[in-house]
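Survey of secondary and tertiary structure
Given next are the chains, with one letter for each unit.
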Amino acid sequence: MRSPLGLAAALSFVLATAAEADDVVRIGWLSSLTGPLSSAAIAENQGVRYAVDEINKSGGILGHPVELLTRDTAGDPVKAVNMAQQLVFSDNVKFVIGPVNSGESLATVPALSKAGVLNIVIGSLEQLTDPAKYPLAFRTINTNTQWISTANRYAIDTLKRSKVAIIGDTSGYGASSAKTAEALLKQMGVTPVYSVLIDANKTDLSDELNKAKAAGADVVMPWTAATGLCARILNTRGDMGWNVPIVGHPAVMALPIKALLNKSEYWKNVYASGYVSTTFQDGKLPERTQALVDVIKPALGGKIDFTFWWVALGYDSMKVIAYGAEQAKSLDPDKIKTVLEHTSNYPGVYGAYSWTPEQHNGFPDSGMRMNAADTFQDGSYQPAPY
Amino acid sequence: MWPVIVSGLAVGASYATTALAYNLMFSTSKVLSVTTGQIVMLGAVAGAWLMNSLGWPALLALPGAILVGAAFGALTEWVAVRRVLKRSDEHLWILSTLALATMTQQAVALVWGTEPRPFPRLLPQSFEAGIADQKFWLPIGVMIAAVAALEGFYRRTMWGKLFQATSEDPFAAEARGVDTGRVRMLSYVLAGALGGLSGFAAGELTFAYFALGLSMTLNGFIAIAVGGLGSSVGAVAGGLALGLLGAFATYLFGGAFQQTIAVGALMVVLLIRPEGLFGARGMRAV
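Fair warning: this is a prediction, and the values are worked out from it, not measured in the lab.

About the cut-offs
Residues numbered from 1 in each chain as written. Chains lettered and ligands numbered in written order. Predicted model: local features only at pLDDT ≥ 70, side-chain atom pairs only at ≥ 80, totals over all residues. pLDDT = per-residue confidence, 0-100. Contact = placed C-beta atoms within 7 Å. Helix = DSSP H or I, 4+ residues; strand = E, 2+ residues; numbered from the N terminus. Nonpolar A, V, L, I, M, F, W, Y, C, P; charged D, E, K, R; others polar. Core = buried A, V, L, I, M, F, W, Y, C linked by C-beta atoms within 7 Å. Buried ≥ 20, exposed ≤ 12 C-beta atoms within 10 Å, placed from the backbone. Axes fitted to C-alpha atoms, helices over the stretch in contact; angles between N-to-C directions. Parallel < 35°, antiparallel > 145°, perpendicular 65-115°, else oblique. Left-handed = near helix turned anticlockwise from the far one by under 90°.

Some points on the confidence of the model for chain A
Averaged over chain A, the pLDDT score is 92; the fraction of residues at 70 or greater is 94%. Here residues 11-21 of chain A scores under 50 on pLDDT; set against residues more than four positions off or in separate chains, the count is zero contacts.

Next comes the structure, spelled out in structure tokens:
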């Protein structure tokens, strides 16, 4: 007869094995679902949740079902860093997607990296990735420089404009983007004729646009994510009867702008940095984008009234974690890191990602595409004229 | 230069009307309610909702927005002021009104959304009207009408005199049979109506935006601090000065300096005249 001690040991081994098999993979999702920057987060959340459902239906990650732990940061960096710590130390997550905004990510990326958590970064500020400082932070979204360079090339090389007026807002993001835009233009041999930072809630922009016009600007380039400010730039230009092209941040082509315009034609001659994945070519979207649109659109009541690349980005960010774990055959963040650092052209919906040990920004320049703002349809756009 | 002046005056007029609402509430309760800017925001949001979503004409939506403001004024008095004043002489109303203001902003963000929404054109006019555009003159007109109406109210009506009596000495007023509780409630309802009207009039300028309240609360407060607490003339002078200062600061130095210069000016005024430009100097028996 076996001893009670031996039985207990055997029983605990069986229970532990069973528990491990049933163990869920907990993935933290830091998302500003409420607050002033919620539009992108709400759309990205659709993609993240759909990817989790899809992964779980196909057996989970390495046989473990995924449990998504969503935390609403309300766009507040303090809340974001507290929630990140809660996810790591109370919920024991090994993977975190987000936060959505760069300002929040500046606070969370160092903390998550230090805690040994694999962090999928979806903020665009350059300093959020650095393989030496944050070895476990991998970016799926494009960088701010990619947005700005794409728009600059379009304004200078395609539209053949050389007298640029840059408008940023006074937030950290707006000021930094305007500065980067100016520096990148100078690298192209173009010195802006006018550059200004404006409070995002300023109600009248006629001074600024009149000054830009008086300076001889032949293109206006807004670098702000504030919907109200973008709409006021377009309204002021339209009311002035100044048909100068506006080329800039994707916010100028977001759907909420349309309702704020004094006249719908004020959205014409407006172009923004977009993506190949959400640009119609000969009336069709790329296959992978269309497939995702087809499955997500019915769940949204048959209508997509937000920019679809946000959904694709959320979807891909979750899928990248699953891909890394499956390839590494492990849930160990360090092993997944090694896999991701040797990934070339992983086919996502939003883009085809490549990371190396020296470069943790995965989105390729070739995935960028200029769009015409007034062509919004199901979250995607027609290409800007070339 | 004229566009700078006119837009500065229009924004300043909104600050001034917010400051008048502050004064109305302060006169009967000695409370500077943090909800004041939220009333203005509710006026803009309610107006946009009634016209855009329910299809009401502007003439019907205007009293609707005023009613929403008045109701929120009453709610502020009932929830965040009355009970706190009854139980404490300390300035706990700062916390209670701040809590109500925060909850209101969050609720509007959840229900209305966090992006600015359009506010319809109220009067038929071309968008190319320049400085004659109604979006500038409606808030200025409302400010002038509000000051005139308030002066008439204070000087010519019995309720106005009751407001003044309660403001001067609530204990003496009560001793003479004035129901100071009712007077205070009425002052919050009136302030709410004025805030709702102000938000409606400035809607074309500000859009219907959930975060508008915070900016109005801050700038309305600066306006009364500069102009002098309790003075309608001071509220107008403070509001217009702040609006013009912000517009010229942006025009001359760029938007990055707008708030710094505006708040810096407040500091300078308060250092030189702590009671504000038109405020009464406080006397203390020793």
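Considerations on the interface of chain B and chain A
Counting from both sides, the interface comprises 25 residues of chain B and, opposite them, 25 residues of chain A. For the side of chain B that touches chain A, the secondary-structure elements that each account for two or more residues are helix H1 (2-29), helix H4 (93-112), helix H9 (203-206) and helix H11 (232-253) of chain B. It is H1 of chain B that provides the largest number of residues to the side of chain B that touches chain A, a total of four residues. Tallied by class, the residues present in the side of chain B that touches chain A amount to 14 nonpolar, eight polar and three charged.

Remarks on the nonpolar core
Core analysis: the largest hydrophobic core is formed by 137 residues, its most contacted members being Met221 of chain A together with Ala16 and Ala44 of chain B. Tallying contributions element by element places H1 of chain B first for this core, with 13 residues. Once you skip the residues sitting within four places of it in the chain, Ala44 of chain B turns out to touch Phe119, Gly199, Phe200, Ala202, Gly203, Thr206, Ala208 and Leu212 of chain B. Judged by nonpolar contacts, the second largest core, of 64 residues, contains Ala43, Val52, Ile122 and Leu136 of chain A.

Observations concerning the packing of helix H10 (residues 212-227) of chain B against helix H12 (residues 258-272) of chain B
Residue and element names in this part refer to chain B. At a minimum axis separation of 9 Å, H10 and H12 run at an interaxial angle of 30°. Between H10 and H12, the angle is such that the two are roughly parallel. With respect to the hand of their crossing, H10 and H12 are arranged in left-handed fashion. Only Ala262, Val263, Leu266, Val269 and Leu270 of H12 make contact with H10, whose side of the interface consists of Ile222, Ala225 and Val226. Here the residues of the contact of H10 with H12 sort into eight nonpolar, no polar and no charged.

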